[in-house]
Structures are given as structure tokens and as C-alpha cells.
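Commentary on secondary and tertiary structure
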Amino acid sequence: MAKKYYVIWKGKETGIFDNWGTVQALTAGRSDAQFMGFPSKKEAEAAFKESYTKALMNRSKSNNSSSTTSRATASTSLSPAIKADIQIYCDGACSPNPGKSGTGVAVYQHQKLTELWYGLYNENGTNNTAELNGMLAAFKLAKQYLSTHESVQVLSDSKYSIDSITKWAAGWKNKGWKKANGEAIKNPELVQACFALYQELKNKITISHVKGHANNEGNELSDRMAVYARMQKEVELVRFTETLDIKTILAMESG
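Please read these numbers as outputs of a predicted model, since none were measured by experiment.

This brings us to the pattern of salt bridges. Scanning the entire structure with this criterion turns up five salt bridges. A salt bridge links Lys167 to Asp163; the nearest nitrogen and oxygen atoms lie 3.6 Å apart. With Lys167 and Asp163 both in helix α6 (residues 159-174) and four residues apart, this pair spans about one turn of that helix. For Glu220, the salt bridge identified is with Arg224, shortest N-O distance 2.9 Å. Remark: Arg224 and Glu220 occur in helix α8 (residues 217-232); sequence separation between them is four residues, near one turn of the helix. Just as Glu220 is buried, Arg224 falls in that class too. One salt-bridge network, held together by shared partners, links Lys159, Asp163 and Lys167.

Turning our eyes to something else, we now look at the sheet that holds strand β6 (residues 112-125). With mixed pairing, six strands are arranged side by side in an open sheet as β8-β7-β4-β5-β6-β9. In the strand order of this sheet, the two ends are held by β8 (205-209) and β9 (238-239), each with one partner. Bridging between strand β4 (residues 86-95) and strand β5 (residues 99-109) involves ten bridges; their strand directions are antiparallel. Each residue of the ladder has a partner; that of Ile88, found in β5, is Val107. Taken strand by strand, α8 contacts β4, β5 and β6, and its axis lies near 140° from that of β5.

As a further point, take the nonpolar core. Across soluble globular proteins, nonpolar side chains have a tendency to be buried as a group. Judged by nonpolar contacts, the single largest core of 32 residues is most densely connected at Ile88, Val105, Val107, Phe139, Val152 and Val191. Of all the secondary structure elements, the ones that give two or more residues to this core are β4, β5, α5 (127-145), β7 (152-156), α6 and α7 (188-201). A total of nine residues in this core trace back to one element, the largest contributor, which is α5. Contacts of Val191, omitting those with residues within four sequence positions, involve Leu132, Ile165, Ala169, Trp172, Trp177, Ile185 and Lys186. Formed by 28 residues, the second largest nonpolar core is a distinct cluster that contains Trp9, Leu113, Met225 and Phe240.

This part is about the side chain of Ser222. Looking at the secondary structure, you find Ser222 in helix α8. Overall, Ser222 belongs to the buried group, its relative accessible area being 0%. When sequence neighbours within four positions are dropped, the list of residues in contact with Ser222 reads Tyr89, Cys90, Asp91, Gly104, Val105 and Ala106.

What follows is about the sheet that holds strand β2 (residues 15-17). Here we have three strands laid out as an open sheet, ordered β2-β1-β3, and antiparallel in their pairing. The open sheet has two edge strands with one neighbour each: β2 and β3 (34-38). The sheet shows a mean angle of 25° between the axes of neighbouring strands, taken without regard to direction. Pairing of strand β1 (residues 5-10) with β2, which is carried by three bridges, proceeds in the antiparallel orientation. For Tyr6, the partnering residue across the bridge sits in β2 and is Phe17. Where helix α1 (residues 20-27) meets the sheet, its contacts fall on β1, β2 and β3, and the angle it forms with β1 comes to roughly 10°.

Calculation notes
- Residues numbered from 1 in each chain as written.
- Predicted model: local features only at pLDDT ≥ 70, side-chain atom pairs only at ≥ 80, totals over all residues.
- Heavy atoms only, no water.
- Salt bridge = Lys/Arg side-chain N within 4 Å of Asp/Glu carboxyl O.
- Helix = DSSP H or I, 4+ residues; strand = E, 2+ residues; numbered from the N terminus.
- Buried < 20%, exposed > 50% of the residue type's maximum accessible area, 1.4 Å probe, protein only.
- Pairing = 2+ DSSP bridges.
- Contact = heavy atoms within 4.5 Å.
- Axes fitted to C-alpha atoms, helices over the stretch in contact; angles between N-to-C directions.
- Core = buried A, V, L, I, M, F, W, Y, C linked by side-chain atoms within 4.5 Å.

The analysis is restricted to geometry; functional conclusions fall outside its scope.
Structure, rendered in C-alpha cells:
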């Protein structure tokens, strides 16, 4: 296997590394981590001199200029494991944490970006409430799409949100929305709303976890929308109508 090099722009340490295990150790648990792999040290060094956003834009440009076959191969990387008719990426942003938060959503139909949404601003939010808001918004959109499409996949980089709804909520509900130790769960209203809709849709949708800030286009776009929502202080979830040009959106501020 050819040697690979990795650039870390944000992590416990920054720089160029040639060991994936080291990269994982320096970025694990950081919601703001920014890193990317490159096939040569020269490319990694050039990328490190610029910003993470610029590297994403360059890679997106390279993918868009490739052949039709290459584009088809690249587009499948939007979705881990399956190809659904509709893919809904959701993300949350909060700065500081707790602090001003926002939520973003990116919708793909047959692997093509068709909609962007942003909003649900909260002056006193957290990363977790922003992520749960994203999950709830994705479920609501999924319900709409299921009236005209056969399969929907919801994708989030928040293990907390996914596990809260798919693994823990049923037990919490049986205990009166309390943990095993008797403590009340955090964010009960959002968890309950998400779980109720998940119960209605769970046999019709797939929920997948994606790694954040790992060059996944849908995740990156929903991240930009979440930050935009926080900056615009948009309380409602509204459709982003300025552009669907991926290069332009990736150039927006990231979380």
C-alpha cells in the first residue's frame, strides 16, 4: 500500500503526519478537528500552507473536473454503506459551548445536492442541542420525502444524537425519561420529539454516522449551514436560496 500523508489544521497538534494512528489520537473527540489525507508529502506540504477550506475546495474542483465515471465513484462516498433515494445530512454548531448555536441540513436526491437548510438559532444552546435539532429537522424532512420516494438515509456526525434516539431513548422512556441511576436525562424535550418521530419512521429510514471534518461533502455543507445559522441568528429553519454551488458554500466559515 502506498504511503499516505495527513495534514491537521485543527487538533491537539497541527502539522503533517505519516501515521493514521497518530492523526486519530490528535483529533479524536474534537468537534472542531480539521484534517485530510494526501497521496504525497509534496501535496500535503502545499495544502498545509493554505487553509482547510481551500484544500476542500481544491479537492471538490478536482472531483468535478474528472470523468463521468470518476464523478459517479466520488458521489458514492457521500453515503456510507448504502445508496438511498434521498440522503439528509444534519449538523449543529455552537460557539462557545454552551453559547450561540445553529443547525444546518443538506439534502441530496440520487447523490445530487438539491437543498440546503439553516436556522434553529439558540442564544444559549450547546453542541448537543444543535445536533438534536438537526436530527429532528432531518426526520421531519424524511417524513415529507417518504411520500414520494422509497428510501431515505439520515446522516449525522453526532454519536450522541444517534445513540440517544436509536439506543437509549426506549429505556429512558420506560424509566420516566431518567437514566439508570435515576437522574433526569439532558435535553428531554428534544430527545422525546426525536424519538417519537423516529418510532414512526424507523422501518422506513436508515440512520448513519459520518465522521465530522473528514472531507465528506454532505457533512461539510451541513456544517457550513449550521455556522451560517449561528451567524445570522436565524430562529426558524429556512431554505438557503443564495446558491447551490458547492465550491462557494465550502468557502463559507466552518465550525
